[in-house]
Amino acid sequence: MNAFRVGLIGLGTVGQGVLRVLQRNAGEIAGRAGRRIVVTHAAMRDPARLRDCDLSGVQLGTDPMAVVNAEVDAVVELIGGISPARELVLAALQRGKPVVTANKALLAEHGNEIVESAGRNGAQLAYEAAVGGGIPIIKALREGLAGNSIDSLAGIINGTCNYILTQMTAKGQSFADALADAQKLGYAEADPTFDVEGIDAAHKLTILAAIAFGMPLRFEAVATEGISAVTAQDIQLAQELGYRIKSLGIAKRNSLGVELRVHPTLVPAGHLLAKTDGALNAIRVHGNAVGQTAYVGRGAGGDATASAVVADLVDVARLQGADPRHFVPYLGFRAEALRDKRALTFAEIESAYYLRLRVADEPGVLRAITSILAELDISIEAILQKEPREHEDATLAIITSQIPEHRCNGALEKMLQLPFVRPGASRLRVEHFE
Ligand code: NDP
Ligand code: HSE
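Residues numbered from 1 in each chain as written. Chains lettered and ligands numbered in written order. Predicted model: local features only at pLDDT ≥ 70, side-chain atom pairs only at ≥ 80, totals over all residues. Heavy atoms only, no water.

When you go through the protein residue by residue, the secondary structure sums to 14 helices and 17 strands. Compactness check: the protein gives a C-alpha radius of gyration of 24 Å against a globular reference of 22 Å for 434 residues, within 12% of the reference. With the C-alpha coordinates aligned to their principal axes, the bounding extent of the protein is approximately 80 × 45 × 35 Å. Counting over 434 residues, the protein shows a buried share of 55%. Within the protein, residue pairs in contact and separated by at least 24 positions form 74% of the contacts whose partners lie at least 6 positions apart. Element-wise, carbon and sulfur atoms account for 50% of the exposed surface of the protein, whose accessible area totals about 18,300 Å². In the protein, the 44 positive side-chain charges and the 49 negative ones have mean positions that sit 5 Å from each other. (Helix = DSSP H or I, 4+ residues; strand = E, 2+ residues; numbered from the N terminus. Rg over C-alpha atoms; globule rule 2.2 N^0.38 Å. Buried < 20%, exposed > 50% of the residue type's maximum accessible area, 1.4 Å probe, protein only. Contact = heavy atoms within 4.5 Å. Areas by Shrake-Rupley, 256 points an atom, 1.4 Å probe, with all protein chains shown as cover. Lys, Arg positive; Asp, Glu negative; His and termini not counted. Charge placed at Lys NZ, Arg CZ, Asp CG, Glu CD.)

Here is the structure:
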């Protein structure tokens, strides 16, 4: 049988990984796909740049549309960003060519248009690498858990943030140094603010929520907070209280609608997510038949992400020539079964909270603060008072019970009006996964 010919757009961290993995595991991949899978055409921006992969036999160029138009059986988009990625993907689908992409930004923000085009043109669209790097979470949700109604999922879905928080926690490294290392290791997005401000995780959560809950892709519905405001002191206090700080993506549904949120979160130190360190990702999914399931693995990096891209290529090669009605629906549910859902704002959610306050070292401070919490019917689950050094302020860290967020904000506002509470308090959400 003829080889399955791949056109690769982008020869960066992931693109080079795809070539390496296809070459390293060529025999087993052919055994699974029924034929060899080979990259015949590739495009990049800078042909002078050295690549860490064998490019022999690959027709190289700098025009990505030439790859779309070449005699290839599938197009793999690995340049990232919206334009020209969107135009390239739509052009390939319009020509009926299967598309494999790792581009979560493109899918989260333009995925409904892309899914519609794939359906109209009867072309395959695969995006396992867009969430969780090498973890097969898309396949697990779309196929493995298809018998369940998924009520919630939560996870570490940005390797860069997890790497930074791990380095700050375990090695006392500064935020800036840890981010620079994550960039060197190939984990970060081209613009790393996408990682640290939670935008990349929000892109991924958009995709997970669509396929878990059977809704269209709604990036604007994700409430997002980054990790840049998390301080070394918060990390230390959280540890003393028995927690680790992780950036989580959380999707839950209830009678009001869906909660879609990304934010730094205190997680009990013994929990799987608290123990997932470095660039690893971990996603916990709860289905009403199976109960709790968990998926852990490398969430970023060339070869790990290439593992997911190549798995998609095997699927696409196996299904070449099949009737599109037999494809797994792009978003897990058939297009006519997708239903939009109301998304709750941060103010509408309920959570437990960690509050850190800097207060004057005076008698009566603790009583005044606990009175505010009592007035607003907020129970204290834990409290930690750090005695000040001479002439310094004291620090108070409090973990509250589960309360509506607007009530927590009201309490914090009142506390900040007290004369002995200094500006610059911190408020983070706490998840107990009960
Ligand atoms: P890189 O920045 O390392 O690579 C991008 C590649 O695209 C480069 O080879 C670049 O060329 C090429 N490129 C960019 N624009 C053009 C253009 N207009 N025409 C031709 N080539 C172009 O990105 P990554 O490999 O890290 O990421 C690729 C995609 O995978 C992104 O969507 C990213 O979000 C996603 N992803 C990345 C992961 C990771 O761990 N890095 C993990 C999961 C998903 P040149 O090399 O010449 O500059
Ligand atoms: N920048 C992303 C991350 C790459 O750090 O998770 C993987 O999607």
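Take the site of ligand 2 next. Taken together, K104, N158, G159, T160, Y187, A188, E189, D195, D200, K204, G299 and A300 make up the full set of residues near ligand 2. Interatomic distance of 2.7 Å between a backbone N/O atom of Y187 and a nitrogen atom of ligand 2. At 2.8 Å from an oxygen atom of ligand 2 is found a side-chain nitrogen or oxygen belonging to K204. The fraction of the free accessible surface of ligand 2 (250 Å²) that becomes covered by protein chains is 94%. Elements represented by at least two residues in the shell around ligand 2 include exactly α7 (159–170) and α10 (199–213). (Near = heavy atom within 4 Å. Polar contact = N/O pair within 3.5 Å; in protein donor to acceptor, adjacent residues only side chain to side chain.)

Moving on, we come to the site of ligand 1. Ligand 1 sits among 24 residues. The nearest are D46, R49, R51, E189 and G301. V14 is positioned with one of its backbone polar atoms (N or O) 2.9 Å from an oxygen atom of ligand 1. Bound to the protein, ligand 1 loses 87% of the 900 Å² it would expose on its own. Residues that form the shell around ligand 1 fall into these classes: ten nonpolar, eight polar and six charged. (Nonpolar A, V, L, I, M, F, W, Y, C, P; charged D, E, K, R; others polar.)

Across the sheet, which stays open at both edges, the six strands sit in the order β3-β2-β1-β4-β5-β6 with parallel pairing between neighbours. With one partner strand each, in any of the chains shown, β3 (59–61) and β6 (125–126) form the two edges of the open sheet. Where strand β4 (residues 74–77) and strand β5 (residues 99–101) come together, three bridges link them in parallel fashion. Among the inter-strand pairings, V76 is bridged to a residue of β5, identified as V100. (Pairing = 2+ DSSP bridges.)

Attention shifts here to the nonpolar core. Within soluble globular proteins, side chains that are nonpolar tend to cluster in buried spots. In terms of nonpolar packing, the biggest core is built from 60 residues, with Y127, I137, L141, F213, L260 and V285 touching the most fellow members. Elements that contribute at least two residues to this core include exactly α3 (64–69), α4 (85–94), α5 (104–121), α6 (137–144), β7 (150–156), α10, β10 (257–268) and β11 (280–287). Here this core gets ten residues from one element, more than from any other, and that element is α10. A domain split of this core shows at least three residues from each of domain 1 (4–134 + 302–337) and domain 2 (137–298). (Core = buried A, V, L, I, M, F, W, Y, C linked by side-chain atoms within 4.5 Å. Domains from an automatic or database assignment.)

Here the focus is the side chain of N103. Looking at where N103 falls in the secondary structure, it is placed in the loop between β5 and α5. A relative accessible area of 5% places N103 in the buried class. Polar contacts involving the side chain of N103 include one to the main-chain amide nitrogen of L106, which spans 2.9 Å. Not counting the four nearest positions on each side in its chain, N103 is found in contact with E77, G80, G81, A85 and A130.

Burial along β4 is two-sided: A74 and V76 and V75 and E77, pointing in opposite directions, are all buried. One crossover worth recording links β4 to the parallel β5 by way of α4, and it is right-handed. (Right-handed = clockwise from strand over helix to strand, strands pointing away.)

Here we take up helix α11 (residues 232–240). An α-helix turns once every 3.6 residues. As a result, residues three or four positions apart point the same way. Regarding α11, the residues found buried are D234, I235, L237 and A238. Within two residues after α11, G242 carries a phi angle of roughly 95°, on the positive side.

Bringing the domain arrangement of the protein into the picture now. Assigned domains of the protein: these are domain 1 (4–134 + 302–337), domain 2 (137–298) and domain 3 (347–430). Of note, the centres of domain 1 and domain 2, computed from C-alpha atoms alone, are 25 Å apart. For the pair domain 1 and domain 2, the summed buried surface comes to about 2,100 Å²; carbon and sulfur atoms form 62% of the total. It is K104, A108 and V131 in domain 1 that bury the most area against domain 2; as a group they hold 27% of the surface buried on that side. Linking domain 1 to domain 2 there are three salt bridges. We note a salt bridge from D315 to K139, for which the minimum N-O separation is 2.9 Å. Looking at the side of domain 1 that touches domain 2, the elements that each hand over two or more residues are α5 and α12 (302–318). It is α5 that provides the largest number of residues to the side of domain 1 that touches domain 2, a total of seven residues. Looking at the side of domain 1 that touches domain 2 residue by residue, the classes come out as 14 nonpolar, seven polar and four charged. (Buried area = accessible area lost by both parts, 1.4 Å probe. Salt bridge = Lys/Arg side-chain N within 4 Å of Asp/Glu carboxyl O.)

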